[in-house]
Amino acid sequence: MTDHLLSMMTFLPLVGMLIVLFLPREADRLIKSVTLIVSIITFLISLPLAFDDVFLNSAAMHYKEFAEWISVGTYFQMNYNVGVDGISLWLVLLTTFIMPIAILSTWNSVEKNTKGFMALLLLLETAMLGAFISLDLFLFYIFWELMLIPMYFLIGIWGGKNRIYAAVKFFIFTAVGSLLMLVAIIYVYYYAQQSGVGFGNGFSFAHFYQLNIPVAAQMWLFAAFAFSFAIKVLMFPVHTWLPDAHTEAPTAGSVILAAILLKMGTYGYVRFAIPLFPVATMKFTPLLATLAVIGIIYGALVAMVQDDVKKLVAYSSVSHLGFVMLGVFAIN
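Below is a summary of the structure that appears in this document. (Residues numbered from 1 in each chain as written. Predicted model: local features only at pLDDT ≥ 70, side-chain atom pairs only at ≥ 80, totals over all residues. Heavy atoms only, no water.)

Of all 9 residues that make up strand β2 (residues 76-84), 9 are buried, and the element is covered over most of its length. Because side chains alternate across β2, one face comprises the buried residues Phe76, Met78, Tyr80, Val82 and Val84, and the other comprises Gln77, Asn79, Asn81 and Gly83, equally buried. Examined bridge by bridge, strand β1 (residues 62-72) and β2 share 8 bridges and lie antiparallel to one another. Among the inter-strand pairings, Ala67 is bridged to a residue of β2, identified as Tyr80. (Buried < 20%, exposed > 50% of the residue type's maximum accessible area, 1.4 Å probe, protein only. Helix = DSSP H or I, 4+ residues; strand = E, 2+ residues; numbered from the N terminus. Pairing = 2+ DSSP bridges.)

Dropping the structure here:
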């Protein structure tokens, strides 16, 4: 069972979503119950990760699964390559733990189109888990983009009175950053091919770590990754999408945004941007640390004057993620 634990954990919510879609639209309580049960089973499947001493004894990837997936001649290959280590372990467990709580928070508050709402929550869980366990950079990108779709509809359909504005703003900000990251990913892949990193490795970032990318290219590549992750992590001044999205999102959406989605940005810096582009990291560190300090102070001051709890949480998130980013770019 442990040979495919990560796949079972990641795709069980997707199976649950398909089950929910075949349930009668008017059976609200049944739909909610099935969604909750699927999320609880997903959490239980993930629990063995928390009690495995292997993460204390080794920094390597564990519970790895690998399968060749997409291959186009000698030009492109993407593999299904997943695993967890000490960096992703607790983010995976956080995701599986928060989802049942988020579903329970909607039990009596979601009244229209319950089937669609619950199906989107389960799709979102698969996308978030997939992003945390991906060891192939293109596979990570697919899950990263997949997260946008359910969150966009959760805000746009079940949000507050300004939900359309908030949903479109959220989508534009995150999509623009993601496109820049995609260009950088493709560049790194073809540079790896020219540098002799084996074609069979696909977009494996473990092999990309071995590259000696020229400093000039590193600066542009790091900037592309950093901008995409900065939007997710609410770095000043690209944080402005969150107060609207957080305020207008349904309660479950707000919980997932604050607890999980905002952590995707810091995970991206630690997992990809810093180890792939170490020279550029050191050159950008003063700027990013300065922006983090601005975010800490600005977020805290604005949070102090809010009379809306959701906006209070949104701006306090800007502040506390500023502390996280300052810690990351202390580089020690």
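Picking up where we left off.
Look at helix α6 (residues 137-146) against helix α8 (residues 163-194): their axes get within 11 Å of each other, and the N-to-C directions meet at 170 degrees. Taken together, the axes of α6 and α8 are roughly antiparallel relative to one another. Where α6 abuts α8, its residues Leu137, Phe138, Phe140, Tyr141, Trp144 and Glu145 lie against Ser178, Leu179, Met181, Leu182 and Ile185. Of the residues contributing to the contact of α6 with α8, the split by class is 9 nonpolar, 1 polar and 1 charged. (Axes fitted to C-alpha atoms, helices over the stretch in contact; angles between N-to-C directions. Parallel < 35°, antiparallel > 145°, perpendicular 65-115°, else oblique. Contact = heavy atoms within 4.5 Å. Nonpolar A, V, L, I, M, F, W, Y, C, P; charged D, E, K, R; others polar.)

This part takes up the pattern of salt bridges. Opposite charge on two side chains permits them to pair, given that their charged atoms come into close proximity. Summed over the entire model, instances satisfying the criterion amount to 2 salt bridges. Its salt-bridge partner being Arg271, residue Asp85 comes within 2.7 Å of it at the nearest N-O pair. Remark: Arg271 occurs in helix α12 (residues 251-276) and Asp85 occurs in the loop between β2 and α4 (86-105); sequence separation between them is 186 residues. Neither residue differs from the other here; Asp85 and Arg271 are each classed as buried. Of the charged contacts in the structure, one is a salt bridge between Lys169 and Asp244, with a shortest N-O distance of 2.9 Å. Of the two residues, Lys169 sits in helix α8 while Asp244 sits in helix α11 (residues 241-248), which places them 75 residues apart along the sequence. A relative accessible area of 22% means that Asp244 is categorised as partly exposed. (Salt bridge = Lys/Arg side-chain N within 4 Å of Asp/Glu carboxyl O.)

Scanning all chains against the criterion turns up 29 aromatic pairs. Each ring, one from Phe11 and one from Tyr80, has its centre 6.2 Å from the other, and the planes form 40 degrees; the classification is tilted. Here Phe11, found in helix α1 (residues 5-21), pairs with Tyr80, found in strand β2; they are 69 residues apart in sequence, far enough to count as distant. Overall, Tyr80 belongs to the buried group, its relative accessible area being 16%. (Phe/Tyr/Trp six-rings, centres within 6.5 Å; stacked < 30°, edge-to-face > 60°.)

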